[in-house]
Structures are given as C-alpha cells and as structure tokens.
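Topology and contacts: notes
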Amino acid sequence: MSLILSNERVGKDFYLMKAVKPERTGAARMGQFYMLRAWGSCPVLSRPLSVFDERGETVSFLYKVVGRGTEIFSTLQKGDGITMLGPLGNSFPKERGSIALVGGGAGIAPLYLAAKQLRQSKTTVDIYLGFSEESFLTEEYKLVADSLVVNVGGFITDEIDPSRYEHVMTCGPEPMMRALYEKCAGKNLRASLESRMACGVGACLVCNCKTAGGNKKVCKDGPVFKGAEVFGI
Amino acid sequence: MSGVLQTEFAGVTFKNPVVLASGTCGFGREYNEIFDIERLGGISTKGLTLNPRQGNEGVRIWETDCGVMNSVGLENPGVRKFIEDELGWLNGLDVVNIVNLSGHSIEDYIEGAELLNGVKLDIVELNISCPNVRAGGMNFGVKTEVAREVVRKVRAACKHKLMVKLSPNAEDVTALARACEEEGADGISLVNTFLAMAIDIKKRSPVFENVYAGLSGPAIKPIALRMVHQAAKAVQIPVMGIGGIVSWQDAVEFIMAGAAAVQIGTGNFIDPAISLSVIDGMQGYLDSQKIGSIEEIKGCV
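Residues numbered from 1 in each chain as written. Chains lettered and ligands numbered in written order. Predicted model: local features only at pLDDT ≥ 70, side-chain atom pairs only at ≥ 80, totals over all residues. Heavy atoms only, no water.

By convention, interface size is frequently given as the accessible area that disappears when the constituent parts associate. At the junction of the two partners, chain B supplies 29 residues and chain A supplies 25 residues. Taking both partners together, chain B and chain A bury about 2200 Å²; carbon and sulfur atoms supply 60% of that area. The largest per-residue losses of area from chain B upon contact with chain A belong to Ile61(B), Glu63(B) and Phe269(B), which jointly make up 28% of the total buried on that side. Here Lys210(A) and Glu57(B) are joined by a salt bridge, their closest N and O atoms 3.6 Å apart. Linking chain B with chain A are eight residue pairs in polar contact (both at pLDDT 80 or more). Secondary-structure elements contributing two or more residues to the side of chain B that touches chain A are helix H1 (29–32), strand E5 (61–64), strand E6 (67–70) and helix H9 (267–270) of chain B. Considering each element in turn, the side of chain B that touches chain A owes the most residues, four residues, to E5(B). (Contact = heavy atoms within 4.5 Å. Buried area = accessible area lost by both parts, 1.4 Å probe. Salt bridge = Lys/Arg side-chain N within 4 Å of Asp/Glu carboxyl O. Polar contact = N/O pair within 3.5 Å; in protein donor to acceptor, adjacent residues only side chain to side chain. Helix = DSSP H or I, 4+ residues; strand = E, 2+ residues; numbered from the N terminus.)

In this section: the packing of helix H4 (residues 106–117) of chain B against helix H5 (residues 144–157) of chain B. Residues and elements named next belong to chain B. Where H4 meets H5, the axes come as close as 9 Å, and the angle between the chain directions of the two elements is 25 degrees. Taken together, the axis directions place H4 and H5 in an arrangement best described as roughly parallel. Like other packed secondary-structure pairs, H4 and H5 cross with a definite hand, here right-handed. Residues Ile106, Tyr109, Ile110, Ala113, Glu114 and Asn117 of H4 pack against Glu149, Val150, Lys153, Val154 and Ala157 of H5. (Axes fitted to C-alpha atoms, helices over the stretch in contact; angles between N-to-C directions. Parallel < 35°, antiparallel > 145°, perpendicular 65-115°, else oblique. Left-handed = near helix turned anticlockwise from the far one by under 90°.)

A few words now on the sheet that holds strand E8 (residues 123–127) of chain B. All names here are of chain B. One closed barrel accounts for eight strands, arranged E3-E4-E7-E8-E11-E12-E17-E18; its pairing is parallel. Across the sheet, the mean angle from the axis of one strand to that of its neighbour is 25 degrees, orientation sign disregarded. Across three bridges, strand E17 (residues 239–242) lies against strand E18 (residues 261–264) in parallel orientation. Looking across to E18, one finds that Gly241 is bridged to Val262. Here H4 sits on the sheet in contact with strand E7 (96–101) and E8, set at roughly 155 degrees to E7. Helix-sheet contacts for helix H10 (residues 274–288) involve strand E3 (18–20) and E18, and the interaxial angle to E3 is about 170 degrees. (Pairing = 2+ DSSP bridges.)

Our focus in this paragraph is the packing of aromatic side chains. What the rule picks out here adds up to 16 aromatic pairs over all chains. Centre to centre, the rings of Phe27(B) and Phe82(B) are 5.4 Å apart; their planes meet at 35 degrees, and the pair counts as tilted. Linking Phe27(B) in the loop between E3 and H1 with Phe82(B) in helix H2 (residues 79–85), this pair joins segments that are 55 residues apart in sequence. Residue Phe27(B) is classed as buried on the basis of its relative accessible area, which comes to 10%. Each ring, one from Tyr31(B) and one from Phe35(B), has its centre 6.5 Å from the other, and the planes form 45 degrees; the classification is tilted. Both residues of the pair, Tyr31(B) and Phe35(B), count as buried. The structure contains a cluster of three or more aromatic residues connected by ring pairs, namely Tyr15(A), Trp39(A), Tyr63(A) and Phe73(A). (Phe/Tyr/Trp six-rings, centres within 6.5 Å; stacked < 30°, edge-to-face > 60°. Buried < 20%, exposed > 50% of the residue type's maximum accessible area, 1.4 Å probe, protein only.)

A separate point is the environment of Leu5(B). All names here are of chain B. Locating Leu5 in the fold gives a position in the segment before strand E1 (7–9). Spatially, the C-alpha atoms of Leu5 and Asp287 are 10 Å apart, while their sequence positions differ by 282 residues. When residues no more than four places from it in sequence are discounted, the contact partners of Leu5 are Phe14, Lys15, Asn16, Pro17, Ile279, Met282, Gln283, Leu286 and Ile294.

Looking now at the confidence of the model for chain B. Considering every residue of chain B, the mean pLDDT works out to 96; 99% of them sit at 70 or more. Listed scores for the predicted complex are pTM 0.96 and ipTM 0.94. (pLDDT = per-residue confidence, 0-100.)

On to the nonpolar core. In this structure, Tyr31(B), Leu126(B), Ile128(B), Leu166(B), Ile188(B) and Leu190(B) are the most contacted members of the largest nonpolar core, which totals 129 residues. Discounting residues that sit within four places of it in the chain, Tyr31(B) has contacts with Cys199(A), Val201(A), Ala203(A), Leu20(B), Thr24(B), Cys25(B), Ile37(B), Asn268(B), Phe269(B) and Pro272(B). With 46 residues, the next largest nonpolar core counts Leu49(A), Phe73(A), Leu76(A) and Leu118(A) among its residues. (Core = buried A, V, L, I, M, F, W, Y, C linked by side-chain atoms within 4.5 Å.)

What follows is the structure, encoded as structure tokens:
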C-alpha cells in the first residue's frame, strides 16, 4: 500500500494524483504505467494509469474520471492508501534530434515524463496538446518543452507539420492518433495505446491488439507501438 | 513450511491445495517475475488447442459488479508450440503441472491428448466448455451425454491423469460429474465461467462480438460453492474447486464443501500474489485451530 501525497482536480474531470512509490520499485521509463487500486476485491480490476511524472520517491498520475474506478480515485485524499503494481510495459524509445509529442485528452498524461526524459539527451522537444473543453497544466508542460502548442475544442493534428520533425510520438484517442499517422506518412511515429486490462503483466491476453506482426498485448508488448504496426494494417 | 497443507489429488501430491486457474496466468512466466510461483501447489496452463488460435475480436474483458466477463476465445500457441516453448520451463518448476486441453471437435481433443502422451506433465485438465463446431457451436459441456462421449474418447486416448473441468452451464452438473467418474476421469474441476451478457446501451448492441461471454469473480462464488458441494457429494473422485476465490476463507469454504484443492483465477487480477495470501492464511487457520492436515476438514460440511 502506498501513501497518497496529494490528489487535486486540475480541469473538468481531470485529476493529478501524487503518491509515494512502492518500495523496491525501479524508475519509470516514459510511457510506462502502473496498475492501481484503492479498494478491496470489488471492483475486481485494477486501473492502468500511465506515469505523468516521477521525482525521487514520488510518482504522479494525471487521469480523467471515466468510470467507476477513476471515480473512486478522484475521491482519494492526502494520507489515503493506494495499491500500485508497476512500472509496467515498454516505453517510448530514447530518440534524439527533433521530436514532436502529440497528445489528446487523457493521452497527454505520459508526454510530460516523455519530454523530461527525451530532453536529457540532445533533442528538441515540441509538445502539442489537444483539449476538448479547457486547457490545464500548460505552464507545467511549457517547462519541459522547447515549445508548446495547445488546441482547445478542435483538432490538435491540424496544428502540426510533421516534416519539421525526425520523430513523432503520440498518445490519445485512436481517431486522433490514426489521423496523425496518416499525416505523418511513413515517418517514424510511435503511438501509446490505451486498453482495458486485467492482469497488466501479459498473462491474461484481454488487452489484445491486432498488429502487422500478429496479436500483441498492449500491457506487455506495448503500450508503445510503431504507428505502422498498428495503424498501417 | 510444515506439511499440513499437503494434499493428495488423484494420486498426485500437491504441497498445498492452491493452483492458478487456466487462462488467468499464461504459463506462469509473468507471475514468476512478481513472486516465487514454486510456493504454489500447482499451475493450470492457458487452455491449449491442437492448432494455434488467434482468439476473439473486439472487447475481451468487461467489468461487472464484483465480477468480470471475458471473451478471449482461447488465444493460444497450439499444443505443439506449447511443448516446444513452454513445457520444459514448467517441468523445471517444483509445482504440479496441469495442462489444460480444449478442442472444437472430438478429433481435435483426441489428437491433442495423443500429442501430450509423449511428454512429462502431472495432470491433463480437459476443458469441455468449448463450442462444438460440428453441432452448430453447442458447448460440449452442456448436455451430459455429449460431454460423456468426449470424456470417454479422451480417456481412452490419454495416458496421463485426466481431470475434467465442468461448465456451470451444464444441464445437470451432478449428473455430469457422475458421467465423468463413470467414464474413468481421475478427478473433476469446477466451475468454469457462467455464460453471461452485457449490452452497450449507447450502441444498442452486445458488448462482446460473440454476444455472450463468461462471468467469473466474487459475484459467482456462492453458486460455484454450491455446485462444488453437490458434485463432491455425488462422486468418489477428487474435486478441485474454482469460482471467485479471493481469500483464504473462500478457499477453506470450498475445501469444507468437498474440494481437495482449489484454483484461483480472477483473483489473480485483484492481486497477482493473492494465491500466496491464500496459502499463508490457510496455514495460519489450520495452525490456530490445531488441525494437523487440511484433509481433515475436506468435505466436513
């Protein structure tokens, strides 16, 4: 059981939760996630949330209230406990050069850590964030980006010129990522997928994703896939 | 760890009666990264079919009140690939190796069983909750006489210990248990998932591509317990209890109902190391009650 340090509403239906990392847990790589639960055996499933940020012994998650599990998360307060399994899954690749990070909705969550980690080597990282109703945390994203572009209520994919970048990494609603894939035509796009999960570690096969290379598990083979692998089929 | 949890099942010794249920734990590799799976009594593999299967399209898991519905569709590498890639690893573990065998025709079941005859394993768990492609997709495990034929033919073909996994959707689970015993099964395990349904009211369509899916988890535990009790009273062969076990108390209930061992499935999703809490909890319970062997409470109700 980990201790919650804060859990604040940052936008309509969006919360930022900070907790103490479980003991003997390695550093999260950008794009990785935890399976979290703050209840007993019901609801049965833990909820996968990608890591927003990690500092020392704390880890934070930016999440949207979409159902029963995240609703319970939103009621948690400083001092409450939460059970975390992770960090799990693969990560965005450590590319160099000019990189665009494109996020929409709750998919903006893993891009904060991604920008931080990518900028540790020689890169320029531009962040594009799409919000449906109101923007939030933009000051925080600005601090980890070379430039930040925000779109509210429209299509964030309209704002980006992929030819300016060597690498594009994205997380968000599937139609957004698919549109970006098409706009990037052949570019090295990486997409972090979302899926309902049960075990979170690759054993139960419920988070299946069809790829060019056959069935893949979003939790273990992903959540980050090459765009062509998942959208090019 | 003392031997109070040791249990015999069809002549196979389990160091404790806790087994990971088929379909929730792969072949054990992933959980072994989280805890030492050699602490378990046994592991039942992902359901295998003669040929590899890609599994079902669309949504594969759906949460319900205190349960989950799944429709994975037996995605698996096939018996041959399993023998090549996974069996050696399983054989190297100090846990009872239970290999779960599924099929969509009697011929497939028999050929799968024959392939397994040549390898080392402890128990074949025969999953009869599969649609029979030759009978319009009717589940083999529903009608006693249809199930009886599968068990008879696989029994004749299978050289290993054979445990039949019963479907709770059977027309008469007690009669089905008896039929398995009459046809020479060494044991039975029950229950598999309950056929269930969810509807997406926005789309006005079923959540699952296959329309129906299998319900498991704490929601079904009392029904599973009743079925295990009935089946255990009806047969002499050992029974492995399955259905919504998420605590050591649940496991003790199944053993008191007549199960010689239990399987944990959906519980693994609540806590990947839940089986260890169940083992430790049962050990503590037996010690505190000064019960010398788990077998003393088996079927006491």
